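Residue-level structural notes
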Amino acid sequence: MDEKFTVTPNQQKNLPPALFLMGPTASGKTALAIELCDKVGCEIISVDSALIYKGMDIGTAKPSAEEQLKAPHRLIDILDPAQSYSVAEFRKDALVAMEDITNRGNVPLLVGGTMMYY
């Protein structure tokens, strides 16, 4: 069963490079991420199991509209709260976003605290 989750060396070279910024809610990740976007050419992919849902604005430390204007965040507000979303779906969506960001010459910056998604 472990073999199904193993990344082979050939698969590894096809994965886009990325930066990960992990930590608990309201620990300053967003401010640092926006600074990295400005200085390094990163684009943010949210790694938060609550922020994928539209309307989850209270208790989640969702980046403000102003912060999202400075540095757009992918995978925020993509689903209605009545819909389910799995780790496998997150992985698929994140890899698509990472490839798009990398193809434009930028660095994917995965930011959030949902450790299961990492």
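Note: the structure precedes this text.
Keep in mind that this is a model prediction, so the values were computed, not measured. Per-chain numbering applies: the sequence of each chain, read as written, is numbered from 1 onward. Residues qualify for local features only when their pLDDT is at least 70, as the model is predicted, and side-chain atom pairs are given and counted only at 80 or more; totals for whole chains, interfaces and linings, by contrast, use all residues. Working from all heavy atoms in the structure, the side-chain values ignore hydrogens and water.

A closer look at helix H4 (residues 87-103)
A turn of α-helix holds 3.6 residues, and therefore any two residues three or four places apart point the same way. Over its 17 residues, H4 runs 24 Å from end to end, which matches the ideal 24 Å to within 8%, given 1.5 Å per residue. Restricting attention to buried positions, one finds in H4 the residues Phe-90, Ala-94, Ala-97, Met-98 and Ile-101. Buried residues of H4, seen end-on, are gathered within an arc of 105° and therefore sit on one face of the element. Seen from the open side of H4, the exposed residues pointing more than 90 degrees away from its buried face are Ala-88, Lys-92, Val-96 and Asn-103. Secondary structure elements follow DSSP: runs of H or I of four or more residues count as helices, runs of E of two or more count as strands, with numbering from the N terminus. Backbone geometry just after H4 places Gly-105 at a positive phi near 85°. Each residue after the first adds 1.5 Å to the expected span of a helix. Partly exposed describes any residue whose relative accessible area lies between the buried limit of under 20% and the exposed limit of over 50%, with all areas from a 1.4 Å probe on protein chains only and scaled to the type maximum. As used here, the arc belongs to the directions running from the helix axis to the C-beta atoms.

Comments concerning the sheet that holds strand S2 (residues 42-46)
By the convention used here, strands pair only if DSSP detects at least 2 bridges between them. With parallel pairing, 4 strands are arranged side by side in an open sheet as S1-S4-S2-S3. Of all strands in the sheet, those bounded by a partner on one side alone are strand S1 (19-22) and strand S3 (73-74). With 2 bridges joining them, S2 and S3 adopt parallel strand pairing. Bridging across to S3, Ile-44 finds its partner in His-73. Two residues qualify as a contact provided that any one of their heavy atoms is within 4.5 Å of a heavy atom in the partner residue. For helices, the fitted axis covers only the stretch in contact; all axes are lines through C-alpha atoms, and the angles between them, taken along N-to-C directions, range from 0 to 180 degrees. Across the sheet, helix H2 (residues 29-40) touches S1, S2, S3 and strand S4 (107-112), and the angle it forms with S2 is around 150°.

A look at the pattern of salt bridges
Any Lys or Arg side-chain nitrogen located within 4 Å of an Asp or Glu carboxyl oxygen qualifies as a salt bridge. In total, this model carries 8 salt bridges according to the counting rule given. Across the salt bridge formed by Lys-62 and Asp-57, the nearest N and O atoms sit 2.6 Å from each other. The exposure class assigned to Lys-62 is buried, which follows from its relative accessible area of 15%. For Asp-57, a relative accessible area of 46% puts it in the partly exposed group. Note that Arg-74 is salt-bridged to Asp-100, the shortest N-O span being 2.7 Å. Here Arg-74, found in strand S3, pairs with Asp-100, found in helix H4; they are 26 residues apart in sequence, far enough to count as distant. Assessed through its relative accessible area of 33%, Asp-100 is described here as partly exposed. Where salt bridges share partners, they join Glu-43, Arg-74, Asp-100 and Arg-104 into one cluster.

Some thoughts on the nonpolar core
Grouping buried Ala, Val, Leu, Ile, Met, Phe, Trp, Tyr and Cys residues that are joined through side-chain atoms within 4.5 Å yields what is termed a nonpolar core. Counting 14 residues, the largest nonpolar core has Ile-45, Ile-52, Tyr-85, Phe-90 and Tyr-117 as its most contacted members. It is H4 that provides the largest number of residues to this core, a total of 5 residues. Residues Ile-34, Cys-37, Cys-42 and Ile-44 belong to the second largest nonpolar core, which totals 9 residues.

Section: the pairing of S4
Taken across its 6 residues, S4 has 5 buried, putting it largely inside the fold. Where S2 and S4 come together, 5 bridges link them in parallel fashion. Following the sheet pairing, Glu-43 is matched in S4 by Pro-108.

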